Amino acid sequence: MAKVKSDTLHVQGINVGIYTEDYQNEYISLTDIARYRNSDDPRFAIQNWMRNRNTIEFLGLWETFLKMKPD
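No experiment lies behind these values; they were computed from the predicted model shown.

Quick word on the overall build of the protein chain
Move 1: For the protein chain, the helix and strand inventory stands at 3 helices and 3 strands.
Move 2: The helix and strand sequence of the protein chain, counted from the amino end, reads β-β-β-α-α-α.
Move 3: Taken against the 2.2 N^0.38 rule, which gives 11 Å for 71 residues, the C-alpha radius of gyration of the protein chain at 14 Å runs more than 25% over that of a compact globule.
Move 4: Along the first, second and third principal axes, the C-alpha set of the protein chain runs to 40 × 30 × 20 Å.
Move 5: For the protein chain, contacts bridging at least 24 residues in sequence account for 3% of all contacts bridging at least 6.
Move 6: Surface exposure of the protein chain reaches about 6200 Å², of which carbon and sulfur atoms provide 53%.
Move 7: Distance between charge centres in the protein chain, computed from 9 positive and 10 negative side chains, equals 7 Å.

Describing helix H3 (residues 53-68)
Move 1: Over its 16 residues, H3 runs 23 Å from end to end, which matches the ideal 22 Å to within 8%, given 1.5 Å per residue.
Move 2: Two to three positions downstream of the cap, the backbone nitrogen of Asn-54 sits 2.7 Å from a side-chain oxygen, assigning the N-cap of H3 to Asn-52.

Some remarks on the pattern of salt bridges
When the charged atoms of two side chains with opposite charge come close together, those side chains can pair.
Move 1: Within this structure, the stated rule accounts for 3 salt bridges.
Move 2: Ionic pairing is found between Arg-35 and Asp-32, a salt bridge with its closest N-O pair at 2.5 Å.
Move 3: Since its relative accessible area comes to 37%, Arg-35 is described here as partly exposed.
Move 4: Among the salt bridges present, the one from Arg-43 reaches Asp-41, with a minimum N-O distance of 3.1 Å.
Move 5: Residue classification places Asp-41 among the partly exposed positions, given a relative accessible area of 24%.

Here's the deal with the environment of Ala-45
Move 1: Summarising the element assignment, Ala-45 is placed in helix H2 (residues 43-51).
Move 2: Considered as a pair, Ala-45 and Ala-34 are 11 residues apart in the sequence and their alpha carbons are 5.7 Å apart.
Move 3: With residues up to four places along the chain from it excluded, the contact list for Ala-45 reads Ala-34 and Arg-37.

Observations regarding a nonpolar patch on the surface
Move 1: On the surface, Leu-9, Val-11, Ile-28, Leu-30, Ile-33, Trp-49, Met-50, Phe-58, Leu-59, Trp-62, Phe-65 and Leu-66 cluster together into a nonpolar patch covering about 1100 Å² of accessible area.
Move 2: Those elements that provide at least two residues to the nonpolar patch are strand S1 (4-11), helix H1 (30-34), H2 and H3.
Move 3: Examining the composition of the nonpolar patch, we find that 5 residues originate from one element, H3, more than from any other.
Move 4: With respect to the helices and strands, Val-11 occurs in strand S1.
Move 5: A residue is classified by how much of its surface remains accessible, and Val-11, at 38% relative accessible area, is partly exposed.

What counts as what
- Residues numbered from 1 in each chain as written.
- Predicted model: local features only at pLDDT ≥ 70, side-chain atom pairs only at ≥ 80, totals over all residues.
- Heavy atoms only, no water.
- Helix = DSSP H or I, 4+ residues; strand = E, 2+ residues; numbered from the N terminus.
- Rg over C-alpha atoms; globule rule 2.2 N^0.38 Å.
- Contact = heavy atoms within 4.5 Å.
- Areas by Shrake-Rupley, 256 points an atom, 1.4 Å probe, with all protein chains shown as cover.
- Lys, Arg positive; Asp, Glu negative; His and termini not counted.
- Charge placed at Lys NZ, Arg CZ, Asp CG, Glu CD.
- Expected span 1.5 Å × (residues − 1).
- Polar contact = N/O pair within 3.5 Å; in protein donor to acceptor, adjacent residues only side chain to side chain.
- Salt bridge = Lys/Arg side-chain N within 4 Å of Asp/Glu carboxyl O.
- Buried < 20%, exposed > 50% of the residue type's maximum accessible area, 1.4 Å probe, protein only.
- Patch = residues over 30% accessible without salt bridge, like charges linked within 9 Å, V, L, I, M, F, W, Y side chains within 5 Å.

This is how it looks when you write it as structure tokens:
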């Protein structure tokens, strides 16, 4: 199913899209957030963020949390 834009947040001068597939699970656009750092090419901000040690640790903890979450 395609993601449907359900809302937009206006944060520090940029619009951040909120997307959903089923109106129960919502996703915030990381690309829109990265445009705050580099409006011409936000992928570099995302690449740097994904290489950060704290980000990797956070994602590892998040995966552990999701595995423990009851269905």
